[in-house]
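Structural characterization, general
The residues making up each chain are set out below.
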Amino acid sequence: MPLSKPVKRQQIHAREIRCVGFQREDGLWDIEGRITDTKSYSFENHDRGVVGAGSPVHDMLIRLTVDDDLVVQEAEATTESSPFLTCPEIAPAIEKLVGLKISAGWTKAVRNKLGGTSGCTHITQLVIGPLATTAYQTIIPRR
C-alpha cells in the first residue's frame, strides 16, 4: 500500500544509496556501495565555490572484498564530490577495515577504526549499515 498523498511540497535534498554484491572468480566477494547527496538549489560552498542544483554535494564509493566468513580482505574508497577539500584525504583510512568480520560488534569495530577525524561520517554510515547488510544478503544465501 503506498503512502498517502502528500500536501503540496518542494524537494530540497535527495540522498541515494546503492549497494551491490558480486561473486568473484577467485572465490571472494566484492560488496560495493555509493552514497550521493544532491540539493534542488544552488548554494555557495567555502571550499568548492558554487555548487549547482542537482550537482552532487557528496558522491562517495566504497568496495569491500570479503571472504565466505565475511572477513574483510581488501577495502577501498574514493570521494568524487564532497563539500570540503579535506574529505578525499580521508578515503584511504578505509583500509583499516581489513581483517574485521561483518558480525556482532561490526558497528563498534568500524567506529573505532573510522571514527572522529580519522574517518568520514558518510563513508562510516554506508559501511556500518547498507554495505554490511548487502554483504550478508549476498554471501549467506550462496554459502
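Each remark here, short or long, concerns the structure printed above.
Structure report, in brief.

1. Here we look at the packing of helix 2 (residues 106-114) against helix 3 (residues 121-139)
Two numbers describe how helix 2 lies on helix 3: the axes approach to 9 Å, and their chain directions differ by 155°. Between helix 2 and helix 3, the interaxial angle falls into the category roughly antiparallel. Crossing of helix 2 over helix 3 shows right-handed handedness. Contacts from Trp106, Thr107, Val110, Arg111 and Leu114 in helix 2 reach Thr124, Val127, Ile128 and Ala132 in helix 3. Here the contact of helix 2 with helix 3 is composed, by residue class, of 6 nonpolar, 2 polar and 1 charged.

2. Some details on unusual backbone geometry
Located in the positive-phi region is Leu70, a residue other than glycine, with phi close to 65°. Checked against the element boundaries, Leu70 lands in the loop between strand 5 (56-66) and strand 6 (72-81). In this structure Leu70 comes out as buried when scored by relative accessible area, which is 4%.

3. Some words on the nonpolar core
In terms of nonpolar packing, the biggest core is built from 29 residues, with Ile62, Leu64, Ile94, Leu97, Trp106 and Val127 touching the most fellow members. Here the element with the most residues in this core is helix 3; it accounts for 8 residues. With residues near it in sequence (within four places) discarded, Ile62 still touches Ile31, Glu32, Gly33, Glu76, Ala77, Ile94, Ile123, Leu126, Val127 and Leu131.

4. Description of the side chain of Asn45
For Asn45, the location among the structural elements is in strand 3 (residues 43-45). Residue Asn45 is classed as buried on the basis of its relative accessible area, which comes to 9%. Here Asp47 takes part through its backbone nitrogen, which lies 2.9 Å from a polar atom of the side chain of Asn45. Within polar-contact distance, the side chain of Asn45 engages the backbone nitrogen of Arg48 at 2.7 Å. The contact partners of Asn45, leaving out residues within four places of it in the chain, are Val51 and Pro83.

5. Quick notes on the pairing of strand 1 (residues 13-23)
For strand 1 and strand 2 (residues 29-39), the ladder comprises 11 bridges, and the chain directions are antiparallel. In the strand pairing of strand 2, Val20 is matched with Glu32. Where strand 1 hands over to strand 2, the hairpin turn is made up of 5 residues, of which Gly27 adopts a positive phi near 95°.

The rules behind these values
Here the residue numbering is sequential within each chain, running from 1 through the sequence in written order. Only residues with pLDDT of at least 70 get local features here, since the model is predicted, and only at 80 or more are side-chain atom pairs given and counted; chain-wide, interface and lining totals rely on the full set of residues. Side-chain numbers come from the whole structure's heavy atoms, not from hydrogens or water. Here, axes are lines fitted to C-alpha atoms. For helices the fit covers the stretch in contact, and angles between N-to-C directions go from 0 to 180 degrees. The numbering of helices and of strands both runs from the N terminus, where a helix is a DSSP run of H or I of at least 4 residues and a strand a run of E of at least 2. Should an angle fall under 35 degrees it is called roughly parallel, over 145 degrees roughly antiparallel, and 65 to 115 degrees roughly perpendicular, with every other angle called oblique. Crossing handedness is defined as follows: a turn of the near helix away from the far one that is anticlockwise and smaller than a right angle gives a left-handed crossing, while the clockwise case is right-handed. Contact definition: two residues touch when any of their heavy atoms are within 4.5 Å. Classes in brief: Ala, Val, Leu, Ile, Met, Phe, Trp, Tyr, Cys and Pro nonpolar; Asp, Glu, Lys and Arg charged; the others, Gly included, polar. Note on exposure labels: buried denotes an accessible area under 20% of the residue type's maximum, exposed denotes more than 50%, and partly exposed covers the range between, all computed with a 1.4 Å probe on protein chains only. Among buried residues, the Ala, Val, Leu, Ile, Met, Phe, Trp, Tyr and Cys ones that are joined through side-chain atoms within 4.5 Å form a nonpolar core. Definition of a polar contact: a pair of N or O atoms within 3.5 Å, with one able to donate and the other able to accept a hydrogen when the atoms are protein atoms, and with sequence-neighbouring residues admitted only if both atoms are side-chain atoms. We treat two strands as partners when DSSP finds at least two bridges between them.

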